[in-house]
Amino acid sequence: ADATMVNEEGAGPLLAASVGGHGSIVKMLLEDAKVNPNQQDIDGTTALMTASIRGHKAIVLDLIKAGAQLNAQNMEGHSALMFAYNGMVQVEHLTEKYKEYMEVNVDSHTKKLEQSLSEHSFIVNTLISNGADPLMKDRENHRATDFSSR
């Protein structure tokens, strides 16, 4: 298969594998097929952005290692860090919504939410420590921290 083919939204295999959490495919595309880690779909969204919002920690690390641009912005001006904060906030809202359930039921669902929140926090911190600009603004003048509930 051609690693440079794209669908009608301009997304190639790297974006599809990143959003789907398919780490071994992402690694193969980056290392073996030498796919550009900064490929964008028609909206300018990159694999780093999609992996960041979905909380795919290992994929984010592989993309950074492969040279993904941390401060790239899509057509709306959103960066990977903005996507990461957005994903973290979504998990925080779920955690808050099911707080009472989680206090009583320490089960696999509780552990998954806690793990997801931890992974999103890790991604936010990793992006910042590797040079993502938390002061960068999108087209509506929002910064990454504006997507945070903190």
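Residues numbered from 1 in each chain as written. Predicted model: local features only at pLDDT ≥ 70, side-chain atom pairs only at ≥ 80, totals over all residues. Heavy atoms only, no water.

Caption draft 1: Structural detail: the packing of aromatic side chains. Counted according to the given criterion, the structure contains zero aromatic pairs. If you follow Lys57 out to its NZ or CZ, it ends over the ring of Phe122, 4.8 Å from the centre. (Phe/Tyr/Trp six-rings, centres within 6.5 Å; stacked < 30°, edge-to-face > 60°. Lys NZ or Arg CZ within 6 Å of the ring centre and 35° of its normal.)

Caption draft 2: A look at the packing of helix H5 (residues 80–97) against helix H7 (residues 108–129). At a minimum axis distance of 9 Å, the contact between H5 and H7 shows a crossing angle of 160°. Classified by the angle their axes make, H5 and H7 are roughly antiparallel. Once H5 is placed against H7, the crossing between them reads as left-handed. Mapping the contact onto sequence places Ala80, Leu81, Ala84, Tyr85, Gly87, Met88, Val91, Glu92, Leu94 and Thr95 in H5 and Leu113, Ser116, Leu117, His120, Ser121, Ile123, Val124, Leu127 and Ile128 in H7. Among the residues forming the contact of H5 with H7, the class breakdown is 13 nonpolar, five polar and one charged. (Axes fitted to C-alpha atoms, helices over the stretch in contact; angles between N-to-C directions. Helix = DSSP H or I, 4+ residues; strand = E, 2+ residues; numbered from the N terminus. Parallel < 35°, antiparallel > 145°, perpendicular 65-115°, else oblique. Left-handed = near helix turned anticlockwise from the far one by under 90°. Contact = heavy atoms within 4.5 Å. Nonpolar A, V, L, I, M, F, W, Y, C, P; charged D, E, K, R; others polar.)

Caption draft 3: Main features of the confidence of the model for the protein chain. For the protein chain, per-residue confidence averages 91 on the pLDDT scale, and residues scoring 70 or more make up 94% of the total. Helix H6 (residues 99–104) is the least confidently modelled element of the protein chain, averaging 74 in pLDDT, while helix H4 (residues 57–65) averages 98, the highest of any element. (pLDDT = per-residue confidence, 0-100.)

Caption draft 4: Quick look at helix H3 (residues 47–54). For H3, the tally of buried residues reaches six of eight residues, placing the bulk of the element in the interior. The set of residues buried in H3 consists of Ala47, Leu48, Met49, Thr50, Ala51 and Ser52. Backbone geometry just after H3 places Gly55 at a positive phi near 80°. (Buried < 20%, exposed > 50% of the residue type's maximum accessible area, 1.4 Å probe, protein only.)

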